[in-house]
Amino acid sequence: GVDLELISIGEAITHYSVPETAQEEIGPSDTGTPKVIQVESIIPRTSGVGVLRAADIIYRINGALIRDDLYQFDAILNKQVGQNTTLDIYRNGVLKTVKVFVEDMENKKVRRFLRFAGATFHDVTPELRRMLYLATDGVFMSHVDSGSTFGRIGRVRDEGNTKIVIIEINGKQIDNLSDFILACSELEDGQHTYVNRRDMNAYDTSPTPKSLSVRTMYEGLEVFVWNETELDWNLSE
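Residues numbered from 1 in each chain as written. Predicted model: local features only at pLDDT ≥ 70, side-chain atom pairs only at ≥ 80, totals over all residues. Heavy atoms only, no water.

**Focus: the overall build of the chain**
Item 1. When helices and strands are counted, the chain shows 5 helices and 15 strands.
Item 2. Since a compact globule built from 237 residues should have a radius of gyration of about 18 Å, the 23 Å found for the chain marks it as more spread out than a globular shape.
Item 3. With respect to the three principal axes, the spread of C-alpha positions in the chain is 70 × 40 × 30 Å.
Item 4. Taking all 237 residues of the chain together, the buried fraction comes to 41%.
Item 5. Here the contacts in the chain between residues at least 6 apart in sequence split such that 57% fall between residues at least 24 apart.
Item 6. Accessible surface computed for the chain: about 13,000 Å², of which carbon and sulfur atoms make up 47%. (Helix = DSSP H or I, 4+ residues; strand = E, 2+ residues; numbered from the N terminus. Rg over C-alpha atoms; globule rule 2.2 N^0.38 Å. Buried < 20%, exposed > 50% of the residue type's maximum accessible area, 1.4 Å probe, protein only. Contact = heavy atoms within 4.5 Å. Areas by Shrake-Rupley, 256 points an atom, 1.4 Å probe, with all protein chains shown as cover.)

**Quick word on the side chain of R60**
Item 1. In this structure, R60 sits in strand β3 (residues 57–61).
Item 2. At 2.6 Å, the side chain of R60 and the side chain of E25 are in polar contact. (Polar contact = N/O pair within 3.5 Å; in protein donor to acceptor, adjacent residues only side chain to side chain.)

**Topic: helix α3 (residues 70–78)**
Item 1. F73, I76 and L77 are the residues of α3 that are buried. On an axial view of α3, the arc spanned by its buried residues comes to 100°, and they lie on one face. Looking at α3, the residues exposed on the side facing more than 90 degrees away from the buried face are Y71 and N78.
Item 2. Turning to α3, the residues buried within the fold contact β1 (2–8), β2 (35–42), β3 and β5 (84–91). (Arc of directions from axis to C-beta.)

**A few points about the pattern of salt bridges**
Item 1. Tallying each qualifying case throughout the model produces 12 salt bridges.
Item 2. The residue D3 makes a salt bridge to R130 at a minimum N-O spacing of 3.5 Å. With D3 in strand β1 and R130 in helix α4 (residues 126–132), this pair connects stretches of sequence that are 127 residues apart.
Item 3. Taking the relative accessible area as the measure of exposure, R130 reaches 32% and is therefore partly exposed.
Item 4. When salt bridges that share partners are traced, they join E106, K109, R111 and E228 into one network. (Salt bridge = Lys/Arg side-chain N within 4 Å of Asp/Glu carboxyl O.)

Printed below as a string of structure tokens:
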């Protein structure tokens, strides 16, 4: 649940108060300037929140010095999915030991999406939370056809792409795609209702209501599920 970057050991010592003794322990690098792994940002609603902070220097993992080896770091984490891993980190010069639960991010990718009334919706994924720094629940509208039911609830970019998170529809709170599918199944063609949404393309991204008139004749509920065997999307029965 974090974004990582590499910084030189010199920068880590000068600007992030890592002790100079760390440079001796890390030693020279085969690729040039010795570097260390730094936490660049924390993805909202992931296990790193409240444990790690941006600017933390990851020094050891499970007791092993990690240096700048991102490949090895990922390999270790991949073997510990669903478990806690132990990190020794430098935070403003102070060495701390923390335990972080390793989430299965692969299972949190889009595995199901909905086509309804001319728009496409799916769950809010960790990748979206990272890009938009989004901590709220809801359902993400990624695409909308011009002139369709949801076509006027927010800004639409080229080719119908949007960045809209719907958190309520027809008076029902939406935490995920399942909530949204259930709420939409109760809507009738021609019904006048509203959504509360956050438009992540707008300057003001706070939740605001938008009215809409449902046109299910345009396109009814269609749920697609990813088929791992066929490597394709299948229309759910």
